[in-house]
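These are the residues of each chain, in order.
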Amino acid sequence: MPESPRRIAFQGEPGAYGEEALRALHGAGVEAVPCLTFRAVFEAVAEGRVHGGVVPVESSLGGPVAETVDLLLEHDVPVTGELSLRIRHCLLAPPGLSLDDVQQALSHPQALAQCAGYLRRRGITPLPETNTAIAARKVAEEKPPHTAAIASRMSAGLYGLAVLEEGVEDSPDNYTRFVSLGPAPERTWTRRKTALAFTVENGPGALYRVMSAFSSRGLNVARLESRPQRRAWEYVWCLDVDGALEDPRVREAVAAAQAACVTLRVLGSYGVV
């Protein structure tokens, strides 16, 4: 009997960019499992109802996806891979609706923000929806008058919509960084990274001592951001460093950083596409 395909969760509906990233990371043969929220993706992975998950953590234009970062800190689910996906938005409409007839566009708020200049020039009113693919499905099923959706070309094929215009994002440098959760995708990686979360005492030089653990060993810190904790004005720092924990320099740097921290947790040591 053939084995069942691996089940990988993502947030949104079929045709969402999360599904596109999922298939780029795990391959076309997996079963994509849509979830209503990012939290539902994490819970499905943590409870073993799926083999893994894929979630966005950062947009090149919009910055970190704060909800996902907070869920990474909340759940004991390892990061096991990373992909930067080029986001190419399309203006989609039911067949028969012309570009000149479009007066409003449904999409996720971040997608609308990434297309704000285009929408303004066209005189199209942005209408927020919870997900780009949900917007496409709604336009296809309900056909609200003079309304299009901003979503992926994959969504057009799934929901029977016409592509009125492709590449409607304002910047061609529009990427979203996705990470895999749970078991690592079976694929070839171009490089390795290690992600950490840590807290330090609130005092002079506390953060410097952590950062110097990496710089003194010639390691590049690719990302550093802070997230608020439950107590006011206290923060947890999230750091990505180039290199795997198998590298002795990275292991030594993490040990040295840990000595300078109140708490330190490895979120994952993983491959990057």
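Scroll up a little and you will see the structure.
Residues numbered from 1 in each chain as written. Predicted model: local features only at pLDDT ≥ 70, side-chain atom pairs only at ≥ 80, totals over all residues. Heavy atoms only, no water.

To continue, consider the overall build of the protein chain. The secondary structure content of the protein chain amounts to nine helices and 15 strands. Computed over C-alpha atoms, the radius of gyration of the protein chain comes to 21 Å, within 12% of the 19 Å expected from 2.2 N^0.38 for 273 residues, which places it in the range of a compact globule. With 273 residues in all, the protein chain has 48% of them scored as buried. Contacts in the protein chain between residues at least 24 apart in sequence constitute 74% of all its contacts with a sequence separation of at least 6. Accessible surface computed for the protein chain: about 13100 Å², of which carbon and sulfur atoms make up 52%. The protein chain carries 28 positive and 32 negative side-chain charges, and their two centres are separated by 3 Å. (Helix = DSSP H or I, 4+ residues; strand = E, 2+ residues; numbered from the N terminus. Rg over C-alpha atoms; globule rule 2.2 N^0.38 Å. Buried < 20%, exposed > 50% of the residue type's maximum accessible area, 1.4 Å probe, protein only. Contact = heavy atoms within 4.5 Å. Areas by Shrake-Rupley, 256 points an atom, 1.4 Å probe, with all protein chains shown as cover. Lys, Arg positive; Asp, Glu negative; His and termini not counted. Charge placed at Lys NZ, Arg CZ, Asp CG, Glu CD.)

Turning to the packing of aromatic side chains, a few remarks are in order. All told, the structure shown has zero aromatic pairs when counted by the stated rule. The residue whose ring lies beneath Arg 187 is Trp 189, and the NZ or CZ to ring-centre distance is 5.6 Å. (Phe/Tyr/Trp six-rings, centres within 6.5 Å; stacked < 30°, edge-to-face > 60°. Lys NZ or Arg CZ within 6 Å of the ring centre and 35° of its normal.)

For the rest of this paragraph, the subject is the state of the cysteines. Counted according to the given criterion, the structure contains zero disulfides. Left unpaired, Cys 90 is separated from the closest cysteine sulfur, that of Cys 115, by 9.6 Å. (Disulfide = S-S within 2.5 Å.)

If you look at soluble globular proteins, the nonpolar side chains tend to sit buried side by side. Judged by nonpolar contacts, the single largest core of 24 residues is most densely connected at Val 55 and Leu 181. By residue number, the principal contributor to this core is helix H2 (residues 38–46), which donates five residues. Those residues in contact with Val 55 that sit more than four places away from it in its chain are Phe 38, Val 41, Phe 42, Thr 68, Arg 177, Phe 178, Val 179 and Leu 181. (Core = buried A, V, L, I, M, F, W, Y, C linked by side-chain atoms within 4.5 Å.)

Before going further, it helps to spend a moment on the pairing of strand S6 (residues 90–93). The two faces of a sheet get side chains in turn, since along a regular strand they alternate between them. Along S6, one buried face is formed by Cys 90 and Leu 92 and the opposite face, lined by Leu 91 and Ala 93, is buried too. Inspection of the sheet shows S6 paired to strand S10 (residues 162–166) by four bridges, in the antiparallel sense. Bridged to Cys 90 within S10 is Glu 166. When S6 meets strand S9 (residues 147–151), the two strands line up antiparallel, connected through three bridges. Bridging from a neighbouring strand, Leu 92 pairs with Ala 149 of S9. (Pairing = 2+ DSSP bridges.)

Now for the sheet that holds strand S8 (residues 125–128). Reading across the sheet, the five strands line up as S8-S7-S9-S6-S10 and stay open at both edges, with mixed pairing between neighbours. Where the open sheet ends on each side, the last strands, each with one partner, are S8 and S10. Taken pair by pair, the neighbouring strands of this sheet meet at an average axis angle of 30 degrees, ignoring direction. Judged from the three bridges that link them, strand S7 (residues 104–107) and S9 form a sheet pairing that is parallel. Following the sheet pairing, Gln 104 is matched in S9 by Thr 147. (Axes fitted to C-alpha atoms, helices over the stretch in contact; angles between N-to-C directions.)

As for its placement among the helices and strands, Gly 117 is situated in helix H5 (residues 116–122). In this structure, the C-alpha to C-alpha distance between Gly 117 and Asp 170, residues 53 residues apart in sequence, is 6.1 Å.

Think of it this way: side chains of opposite charge can pair up when their charged atoms draw near. Counted under the stated rule, the structure contains 24 salt bridges. Of the charged contacts, one joins Arg 223 and Glu 225 as a salt bridge, the two residues approaching to 2.2 Å between their closest N and O atoms. Residue classification places Arg 223 among the buried positions, given a relative accessible area of 15%. According to the relative accessible area criterion, Glu 225 is buried, its value standing at 13%. One salt bridge in this structure joins Arg 223 and Asp 240, with 3.0 Å as the shortest N-O distance. Placement of Arg 223 in strand S13 (residues 221–228) and of Asp 240 in strand S14 (residues 235–242) is noted, with a sequence separation of 17 residues between them. In this structure, a network of salt bridges that share partners links the residues Glu 58, Glu 82, Arg 177, Lys 193, Arg 223, Glu 225 and Asp 240. (Salt bridge = Lys/Arg side-chain N within 4 Å of Asp/Glu carboxyl O.)

This brings us to helix H9 (residues 248–259). The end-to-end C-alpha separation of H9 is 17 Å, in line with the 16 Å expected for 12 residues at 1.5 Å each. All of the buried residues in H9 are Val 250, Ala 253, Val 254 and Ala 257. For H9, the arc enclosing every buried residue in end-on projection is 100 degrees, short of the 170-degree limit, so these residues lie on one face. In this structure, the buried side of H9 is in contact with strand S12 (191–199), helix H8 (206–215), S14 and strand S15 (263–272). Where H9 begins, the capping side chain belongs to Asp 247, and its oxygen is found 2.8 Å from the backbone nitrogen of Arg 249. (Expected span 1.5 Å × (residues − 1). Arc of directions from axis to C-beta. Polar contact = N/O pair within 3.5 Å; in protein donor to acceptor, adjacent residues only side chain to side chain.)

Right, let's talk about the environment of Ala 136 for a bit. Residue placement: Ala 136 occurs in helix H6 (residues 132–142). What makes Ala 136 buried here is its relative accessible area of 0%. In the structure, Ala 136 is positioned 93 residues away from Gln 229 in sequence and 36 Å away in space, judged by C-alpha atoms. Here Ala 136 is in contact with Leu 92, Ala 149, Ala 151, Ser 155, Tyr 159 and Leu 161, once residues within four sequence places are set aside.

It is worth stressing that arrangement in space is one thing and function is another; only the former is reported here.
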